[in-house]
Structures are given as C-alpha cells and as structure tokens.
Amino acid sequence: MAEKISEKVKNFFQKKKADVKFKKAGPGHKLTESTSSNTMAPKSKKPGYVAPQRNAPSDVTRQAAEAALARMSSQKKDTAFNTSLAAIQAKVRRELEAEKNNAQSIAEVPIGTKETELEASTHLAVRGVYFKCPLVNDEVLTKEDWKVKIKEFLFAALEEERGITACLILYSCNYNRTKVQDCVNILCRYIDNIIGNPTETKFHRIRCYNPTFTDKVLPVLGASEFLYAAGFKQQRLEHNGVEEDFLVWSEENVGGLETLEFLRDALKSENRVDLELDRNLQVLSPAQAAVRLELPQDFYAISPEEIKKEQQSKSEMAEKQLQLRTKAMREKDELREIRKYKFSLIRVRFPDGLYLQGTFSVYEKLTEVLDFVRDNLEHDGLPFILTTPTGQKFEEKDFESTLAELRLVPATILIFQWDPAFNEEIKASGNTTYLKPEIMILMQEL
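Just so we're clear, the structure is a prediction, and the values are computed from it rather than from any experiment.

Examining the overall build of the protein
Counting its regular elements, the protein contains 17 helices and eleven strands. Counting across all 446 residues of the protein, residues that qualify as buried make up 38%. Here the contacts in the protein between residues at least 6 apart in sequence split such that 72% fall between residues at least 24 apart. Summed over all atoms, the accessible surface of the protein reaches about 27700 Å², with 51% contributed by carbon and sulfur.

Have a look at this one:
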C-alpha cells in the first residue's frame, strides 16, 4: 500500500515539473476550436485593426456648447423645488433600500448555524461547496474533510518517499503561508550552507534548542521530515559543557550533494496538493428553479453578520449625507460587494424550461462555464449562445474575463440558445432535447 502511495507522489511531482516546462513554451490553442463567428469560443482580433479617432469639435459646436452653459449659469438657483435633484435623491433611496433588502436576505443564515440545520433547509440552492483530489482518490468532499484526507495520505507516503513527500506536506498541510515561507527560507539556508561549504563542520549541526529552529522550523509540519530526508540525524553532543540535542548532517545519510541539490529544488518549487472544485451538477425543473434561491455560508468570503453590519453602516452614512453617487462610485461599491464572495452559482436555462446548475470559483473565466455547458449537451459540437436574462450577449473579449469581472456573482441565470446559423441542422435532427440522457437522470424530484 505504501509503495502505491509513494508511486502516486512521484508521478505527481514529475507531472508538476513537466507542467512548468510546458507553460514556459508559451500559450497554445485547441485543434478543435471552431472558426464560426457565433460559436462560444474565444478568437483573436483581426490584424491591422485600428480604432477610429474622434474628430475635434468644430467652432460652431463649441460656440453652441458655450451658449448652453451660459444659459444654465444664468438660471435662478433658488427655485422652490428642483425636480431633477429630487428624482436623483429618490433613485438613491430606492437603490439603498434594495441593497438593504439584499443584505438582509444574505444574512438569513446566522453565524454558528449547525450543519444539520443547514442541510434541513429546503431553500438552499446547494448544500455546500465540494472538491475533488485526483491524487488521493475519487471522492467528493468538503474542504475540511479533504484537509484530513490529504494529511493522512502524505504521511502514509513518508516511509517510501520521504524527501518529495516532506515538501508536499510543507505546502499542503500548513495553512499560514507566512510561516511556511519563513520555514522554507531557513531550510534552504541550511542546505545551501552545506552545498557551498561541504567540509565546514559548523554547517553540519543544528542545535535543537536554537530559538530560530524551535520557533520557525520545528512547529511547521513537514520541516523535520525534510531535514531527515536531507541527511540530518538527531544526536546528543556537548555544548558549552552541557550535553544537548543536535541535528547532525552526514553525507553518508543522504548519498551525496546531488541529492541535497534535488531536495532544495523540490522545496523551492512550491508544489502542493491542490483541490479541484466539484461542479455539484444539478438539473432543475422550472418549479424547482422558481423557489427562492439561498446560498450556504461556504459561498461567502466574510460572515453574513459582517455583510449586514457593513451594509447598515453604508446605508446610514449615505442617507445622512444625501450622497449622490456617481457611476464610478457605484461601480466601486459593486466591486466591494463582489469581493465578499468566493464562489458563484450559475444556472443555465434551456428553451424546454430545464435548468443546468453548477458551482464555480469567482475567479474562473467565462470559458469554464461554456465548457461546462458544452460537456453536458446531447448535440456535441454544435455552437450555442449564452445571454443574460436581459438579452445581453457576451463578446469575444468577455470569454477570458472572470465571473467576478463580468458581475456574474454570487448567483446568476444565463439563457441558452443554439446558434441561429445552425437552426436548420437542429430541426433536421428531429431531437428537441438539450441535455445528455445521463445528465437528465440527475433531475431532482420535488
């Protein structure tokens, strides 16, 4: 069993190194990419395109503008009631009220709600956020469950492959990145001192009660295992007339300086066991999709209570100052709202009324959503179009934008339709279904 785990770790590390070399070769493209102008796949812009330049205003236009400004400045400013200002203020109040209601709905799941209570809710759009880890097994679990599984998996591999596995433990099982980086810097310094001065015995010893070692190296999971793999063994030596514990390096324990150089490079590569977000694919009927959508707490980067407090503070401040927000100010507020979320729930509505639902990171690109839809279509390879409920179409430049940049956060509905250029082919097929039969089986019962 340990040998199988060790082989997995070795293959994982080799794949990571191959990926780094591949990425250095530059960007590539899929051979199966369609050249249709309406296909949902990104294309490069036509060479030689130059944006048209705007002409400077003519003298007549400039004189007309100056006359209009003069008329505006000559008007009375003490009118009894400024209908334009009142309309703007009313719009601001409506926006604040809508934001307030939105914040209240977000905060409906209180902090500290037990998991069993969340699962009992019939209004949750999803039960949570789940992940996969192909290196370990095929299970779909929460992030907390995977932390335990990955730790068990890596420590089981130590016996057969201590060096590489220790590097993976360092980056995968410690969650304070600052402490990990400090530890890695110290470990690299230990190794570099030996490689640069192989005969200098003072670099062969690490005093176990040294404050730097006890504070920054020993508490980090994987650090001790890395040192043992690098040829250090614990011994009792005399220090200032008193016997103390030391980690002592010997070339016989490691097999040569080449091994040290390999371990140092493995440590600096920062390879870790990453989790893959599971789409948590669901197929919903129109009645199920009509139920009020609520998201679990896993979707939020901050707690619902913090969202509620922040919204109340902003509303009170805006009302007090009767602040008339510009478009730039509203966009800034919108970006601040988006940063509160880690995941986005995407629902794609098909013409037959069914919905395809998936979970995405807010930093994933629109192309990931397109691939998700394409992978579940029965008519494989036919181009399609996704639009917002208001009919807005995504342009080619949007395909490489993140869901956060496109404001498709924290949840949104996209409308599916076949590319109109292929309507005849779809009708000729005589099949009006959209999703694969094996996907349709996943439709939930009411």
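Additional details are given in the paragraphs that follow.
Side note on the pairing of strand E10 (residues 384-387)
Covered by surrounding structure in E10 are Phe-384 and Leu-386 together with Ile-385 and Thr-387, the residues of both alternating faces. The sheet contact formed by E10 and strand E11 (residues 411-418) spans four bridges and is antiparallel. The partner of Ile-385 across the bridge, within E11, is Gln-417.

What to know about the state of the cysteines
Linking two cysteines covalently through their sulfur atoms gives a disulfide. Per the stated rule, a full pass over the model turns up zero disulfides. Counting only cysteine sulfurs, Cys-188 is the nearest neighbor of Cys-167, a cysteine outside any disulfide, at a range of 8.9 Å.

So, the packing of aromatic side chains
Aromatic ring pairs are defined here through the distance separating the ring centres and the angle between the ring planes. Overall, the coordinates contain ten aromatic pairs when judged by the stated rule. Measuring from centroid to centroid gives 6.2 Å for Phe-131 and Phe-343, while their planes differ by 65°, and the two rings are edge-to-face. Taken together, the residues Phe-131 in strand E1 (residues 131-133) and Phe-343 in strand E8 (residues 343-349) connect sequence positions 212 residues apart. For Phe-343, a relative accessible area of 9% puts it in the buried group. Aromatic rings pair up to connect Phe-350, Phe-384, Phe-416, Trp-418 and Tyr-434 into one cluster. Above the face of the Tyr-175 ring, Lys-147 is positioned so that its terminal group lies 4.5 Å from the ring centre.

Details of the packing of helix H6 (residues 162-172) against helix H11 (residues 257-268)
Geometrically, a packed helix pair is captured by the angle between its two axes and the distance between the axes. At a minimum axis separation of 9 Å, H6 and H11 run at an interaxial angle of 25°. What the angle tells us is that H6 and H11 run roughly parallel. The handedness of the crossing between H6 and H11 comes out as right-handed. Here Gly-163, Ile-164, Cys-167, Leu-170 and Tyr-171 of H6 come into contact with H11, specifically with Phe-262, Leu-263, Ala-266 and Leu-267.

Quick word on the side chain of Glu-364
The residue Glu-364 is located in the loop between strand E9 (355-361) and helix H15 (366-375) in this model. On the accessibility criterion, Glu-364 (16% relative accessible area) is buried. Side-chain polar atoms of Glu-364 contact the backbone nitrogen of Ser-361, separated by 2.9 Å.

Description of the packing of helix H5 (residues 143-157) against H6
Relative orientation of the contacting elements H5 and H6 amounts to 160°, with a least axis distance of 9 Å. Put simply, H5 runs roughly antiparallel to H6. Considering how the two elements wind past one another, H5 and H6 form a crossing that is left-handed. In contact with Ile-150, Leu-154, Phe-155 and Ala-157 of H5, H6 contributes Thr-165, Leu-168, Ile-169 and Ser-172. Classifying every residue of the contact of H5 with H6 by side-chain character gives six nonpolar, two polar and no charged.

Regarding the confidence of the model for the protein
Any residue range with low pLDDT should be treated as having predicted coordinates unsuitable for detailed reading. Model confidence for the protein is summarised by a mean pLDDT of 77, while 63% of its residues fall at 70 or above. Segment residues 34-38 is flagged for pLDDT under 50; beyond a separation of four residues in sequence, or across chains, it makes ten contacts in the model. Within the model, the stretch residues 105-123 combines pLDDT values under 50 with 26 contacts to residues more than four positions away or in other chains.

Side note on the nonpolar core
By size, the foremost hydrophobic cluster in this structure holds 57 residues, and its most contacted members are Phe-350, Val-373, Leu-386 and Phe-416. The contacts of Phe-350, once residues within four sequence positions are left out, are Leu-356, Val-373, Leu-377, Phe-416, Tyr-434 and Leu-435. Counting residues in each nonpolar core, the second largest holds 32 residues, with Leu-170, Tyr-190, Ala-230 and Leu-247 among its members.

What about unusual backbone geometry?
In this model, Val-409 is joined to Pro-410 through a cis peptide bond whose omega is -5°. One non-glycine residue, Glu-270, adopts positive backbone phi at about 60°. With respect to the helices, strands and loops of the structure, Glu-270 is situated in the loop between H11 and strand E6 (276-277).

Considerations on the pattern of salt bridges
For the structure shown, the criterion picks out twelve salt bridges. Put simply, Asp-245 and Arg-236 hold a salt bridge, and the shortest N to O gap is 3.1 Å. Arg-236 gets classed as partly exposed once you look at its relative accessible area, which sits at 49%. Three or more residues are tied together by salt bridges with common partners; here these are Asp-192, Arg-264 and Asp-265.

Brief notes about the sheet that holds strand E5 (residues 242-249)
Sheet strands associate in pairs through backbone hydrogen bonding, adopting either a parallel or an antiparallel arrangement. With respect to topology, three strands assemble into an open sheet ordered E3-E5-E4, the strand pairing being antiparallel. Two strands in the sheet have a free side with no partner beyond their single neighbour: strand E3 (205-207) and strand E4 (232-239). Neighbour to neighbour, the strand axes of the sheet diverge by 40° on average, direction disregarded. Bridge analysis of E3 against E5 gives three bridges, and the strand direction is antiparallel. Its bridge partner being in E5, Arg-205 is matched across the sheet by Val-248.

Details of H6
Counting buried positions along H6 yields ten of eleven residues, so the element is predominantly enclosed. Among all positions in H6, only Gly-163, Ile-164, Thr-165, Ala-166, Cys-167, Leu-168, Ile-169, Leu-170, Tyr-171 and Ser-172 are buried.

With respect to a negative patch on the surface
The grouping of Glu-251, Glu-252, Glu-258 and Glu-261 at the surface amounts to a negative patch. Where the negative patch is concerned, the elements lending two or more residues are helix H10 (251-254) and H11. Along the chain, Glu-252 falls in helix H10. Glu-252 gets classed as exposed once you look at its relative accessible area, which sits at 76%.

Procedures and definitions
- Residues numbered from 1 in each chain as written.
- Predicted model: local features only at pLDDT ≥ 70, side-chain atom pairs only at ≥ 80, totals over all residues.
- Heavy atoms only, no water.
- Helix = DSSP H or I, 4+ residues; strand = E, 2+ residues; numbered from the N terminus.
- Buried < 20%, exposed > 50% of the residue type's maximum accessible area, 1.4 Å probe, protein only.
- Contact = heavy atoms within 4.5 Å.
- Areas by Shrake-Rupley, 256 points an atom, 1.4 Å probe, with all protein chains shown as cover.
- Pairing = 2+ DSSP bridges.
- Disulfide = S-S within 2.5 Å.
- Phe/Tyr/Trp six-rings, centres within 6.5 Å; stacked < 30°, edge-to-face > 60°.
- Lys NZ or Arg CZ within 6 Å of the ring centre and 35° of its normal.
- Axes fitted to C-alpha atoms, helices over the stretch in contact; angles between N-to-C directions.
- Parallel < 35°, antiparallel > 145°, perpendicular 65-115°, else oblique.
- Left-handed = near helix turned anticlockwise from the far one by under 90°.
- Polar contact = N/O pair within 3.5 Å; in protein donor to acceptor, adjacent residues only side chain to side chain.
- Nonpolar A, V, L, I, M, F, W, Y, C, P; charged D, E, K, R; others polar.
- pLDDT = per-residue confidence, 0-100.
- Core = buried A, V, L, I, M, F, W, Y, C linked by side-chain atoms within 4.5 Å.
- Salt bridge = Lys/Arg side-chain N within 4 Å of Asp/Glu carboxyl O.
- Patch = residues over 30% accessible without salt bridge, like charges linked within 9 Å, V, L, I, M, F, W, Y side chains within 5 Å.
- Lys, Arg positive; Asp, Glu negative; His and termini not counted.
- Charge placed at Lys NZ, Arg CZ, Asp CG, Glu CD.

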